[in-house]
Amino acid sequence: VDSLKIDNSTSVFSLITGINDYYENYVNSTNLFVSTQNSSSFSGVGDYSIINFVLSNSLSFVKFPWSVTGSLGYTINSSDSSANIVSLYLGNSYTFFDIWNNMLGINYTLEEERNSKVRFYYTSSIPLWDLATFNFHTEKSLYRETIYRYGEYDDFLVRVIISKRW
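What you see is a predicted model; the values in this text were computed from it and never measured. (Residues numbered from 1 in each chain as written. Predicted model: local features only at pLDDT ≥ 70, side-chain atom pairs only at ≥ 80, totals over all residues. Heavy atoms only, no water.)

Caption draft 1: Just the sheet that holds strand S5 (residues 85-96), in detail. The nine strands lie next to each other as S1-S2-S3-S4-S5-S6-S7-S8-S9, forming an open sheet whose pairing is antiparallel. Strands with a single pairing partner mark the edges of an open sheet, and in this sheet they are strand S1 (9-22) and strand S9 (153-163). Ignoring which end each strand starts from, the neighbouring axes of this sheet average 10° apart. Two elements, S5 and strand S6 (residues 100-111), share 12 bridges in a ladder whose sense is antiparallel. Counted as the bridge partner of Tyr89 is Asn107 from S6. (Pairing = 2+ DSSP bridges. Helix = DSSP H or I, 4+ residues; strand = E, 2+ residues; numbered from the N terminus. Axes fitted to C-alpha atoms, helices over the stretch in contact; angles between N-to-C directions.)

Shown next, in the form of structure tokens:
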């Protein structure tokens, strides 16, 4: 056996498919994303396999400026130091007076038997006449660890941006 032999292989596969439905009062879009990534080496150290599934849906209304979006994901991770991951996203956006955009949503991620994160957010954007755009963003994040508690945190963020295109 040659100890200096290098024999690594990596394979990647992705599939994206979806369907859009157009109705008189709304447009619905459903999508499925599947991907795999595998890596193996001669020694077997660091070998891994990841399979990722994401199902998403977006519903936009035709007669008023509101849309709702959601996704559900599951990642199967077979490396030595990783766990499977479940993710959930729910969000919506509404535009007032054809110019004031608002978004509200929640993200939830669970790394099985390790940690979880919840993020709530609100974003608002409105033009200030022809002078600039005012953006406001706030979010609350909660991170919890099951094994190592020293990394837990609660964050609250507020960001205000005034921008101008030249």
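Caption draft 2: How the structure looks around the confidence of the model for the protein. Chain-level pLDDT for the protein is 90 on average; 96% of the residues reach the 70-or-more range. The weakest mean pLDDT in the protein belongs to S1 at 93; the strongest belongs to S5 at 96. (pLDDT = per-residue confidence, 0-100.)

Caption draft 3: Spotlight on the environment of Asn8. Inspection of the secondary structure puts Asn8 in the segment before S1. A residue is classified by how much of its surface remains accessible, and Asn8, at 55% relative accessible area, is exposed. Sequence separation of Asn8 and Ser43 is 35 residues, and the distance between their C-alpha atoms is 9.0 Å. (Buried < 20%, exposed > 50% of the residue type's maximum accessible area, 1.4 Å probe, protein only.)

Caption draft 4: Region of interest: the packing of aromatic side chains. Using the criterion set out here, one finds nine aromatic pairs in the structure. A ring pair is formed by Phe64 and Trp66, whose centres lie 6.3 Å apart and whose planes are at 20°; its orientation type is stacked. Accessibility expressed as a relative area gives 38% for Phe64, which makes it partly exposed. Ring geometry for Phe96 against Trp100: centres 5.2 Å apart, planes inclined by 40°, an arrangement best described as tilted. A residue is classified by how much of its surface remains accessible, and Trp100, at 30% relative accessible area, is partly exposed. (Phe/Tyr/Trp six-rings, centres within 6.5 Å; stacked < 30°, edge-to-face > 60°.)

Caption draft 5: Here's a closer look at a nonpolar patch on the surface. Taken together, the side chains of Phe96, Phe97, Ile99 and Trp100 present a nonpolar region at the surface, about 420 Å² in accessible area. As for its position among the elements, Ile99 is in the loop between S5 and S6. (Patch = residues over 30% accessible without salt bridge, like charges linked within 9 Å, V, L, I, M, F, W, Y side chains within 5 Å. Areas by Shrake-Rupley, 256 points an atom, 1.4 Å probe, with all protein chains shown as cover. Salt bridge = Lys/Arg side-chain N within 4 Å of Asp/Glu carboxyl O.)

Caption draft 6: Geometry of unusual backbone geometry. A positive phi angle, near 55°, is found at Phe97, a position not held by glycine. Structurally, Phe97 can be placed in the loop between S5 and S6. A relative accessible area of 70% means that Phe97 is categorised as exposed. Unlike most non-glycine residues, Asp98 shows phi in positive territory, near 65°. Here Asp98 lies in the loop between S5 and S6. Overall, Asp98 belongs to the exposed group, its relative accessible area being 72%.

Caption draft 7: Structural detail: the pairing of strand S3 (residues 48-61). As judged from the 14 bridges shared by strand S2 (residues 26-40) and S3, these two strands associate in the antiparallel manner. From the neighbouring strand, Phe33 faces S3, where its bridge partner is Val54. Inspection of the sheet shows S3 paired to strand S4 (residues 66-77) by 11 bridges, in the antiparallel sense. Each residue of the ladder has a partner; that of Ser56, found in S4, is Ser71. As consecutive antiparallel partners, S3 and S4 are separated by four residues.

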